Amino acid sequence: MLELKQSISQEASKFVEMEQDKDTLEFILPNSLEEHITLINSSDVLYLSVYQNGSLVGFCTIVADNQGSAELRRIVIASKGNGLGQQVIKEVERYCSQKLQCSKLWLDVFKFNSRGIHIYTKLGFTQFKTGSYQGKELLFMVKELT
């Protein structure tokens, strides 16, 4: 069973570990333990811990605005290649639609992250612009929520 729970600061050290995995590290800009704790306790960013059968297996961060849009700022799943990330994204979509009353979910992804782009496209996200960060090309993708 998959469950999203509001994160607590005691989980932050596990988040740091998950971000340091080589299959994750190349696709994100990792946060320090202190940064995670500060953001978890902030009202600006929603941290959701991902539990599967009672075990912490990932986390995501969401920033919602007051215009019905939410940004999936980060998704980190410890175990890759088993479809868990796709399940989490679907749960995030439901969460954003039902609990945050958002009609749109957007994200950015590095252009070289072909696995991520493939998953987002498969789940119905479409590219709406490009950008760059620290010399790396970004794709911005969006999905209308029902």
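So, how was this worked out
Residues numbered from 1 in each chain as written. Predicted model: local features only at pLDDT ≥ 70, side-chain atom pairs only at ≥ 80, totals over all residues. Heavy atoms only, no water. Buried < 20%, exposed > 50% of the residue type's maximum accessible area, 1.4 Å probe, protein only. Helix = DSSP H or I, 4+ residues; strand = E, 2+ residues; numbered from the N terminus. Pairing = 2+ DSSP bridges. Axes fitted to C-alpha atoms, helices over the stretch in contact; angles between N-to-C directions. Contact = heavy atoms within 4.5 Å.

(A) Local environment of the pairing of strand β4 (residues 69–77). Burial within β4 is extensive, with 8 of its 9 residues counted as buried. Of the strand pairs in this sheet, strand β3 (residues 55–64) and β4 are connected by 7 bridges, and their pairing is antiparallel. Looking across to β4, one finds that cysteine 60 is bridged to isoleucine 75. Where β3 folds back onto β4 in an antiparallel hairpin, the turn is made up of 4 residues, including glycine 68, whose phi is positive at roughly 85°. Where β4 meets strand β5 (residues 104–110), 3 bridges bridge the pair, whose relative direction is parallel. Bridge assignment links glutamate 71 to a residue of β5, and that residue is tryptophan 106.

(B) Looking closely at the pairing of strand β2 (residues 46–52). Counting buried positions over the 7 residues of β2 gives 6, a clear majority of the element. Judged from the 5 bridges that link them, strand β1 (residues 2–6) and β2 form a sheet pairing that is antiparallel. The partner of glutamine 6 across the bridge, within β2, is leucine 48. Pairing geometry for β2 and β3, over 7 bridges, is antiparallel. Across the sheet, the residue bridging to leucine 48 is cysteine 60, located in β3. Between β2 and β3, which pair antiparallel and follow one another directly, the connecting turn spans 2 residues, one of which, asparagine 53, has a positive phi of 50°.

(C) Here's a closer look at the sheet that holds strand β7 (residues 136–144). The strand order β1-β2-β3-β4-β5-β7-β6 describes an open sheet built from 7 strands, whose pairing is mixed. Of all strands in the sheet, those bounded by a partner on one side alone are β1 and β6 (126–133). Recorded for the sheet is a direction-independent mean angle of 30° between the axes of neighbouring strands. Where helix α1 (residues 12–19) meets the sheet, its contacts fall on β2, β3 and β4, and the angle it forms with β3 comes to roughly 90°.

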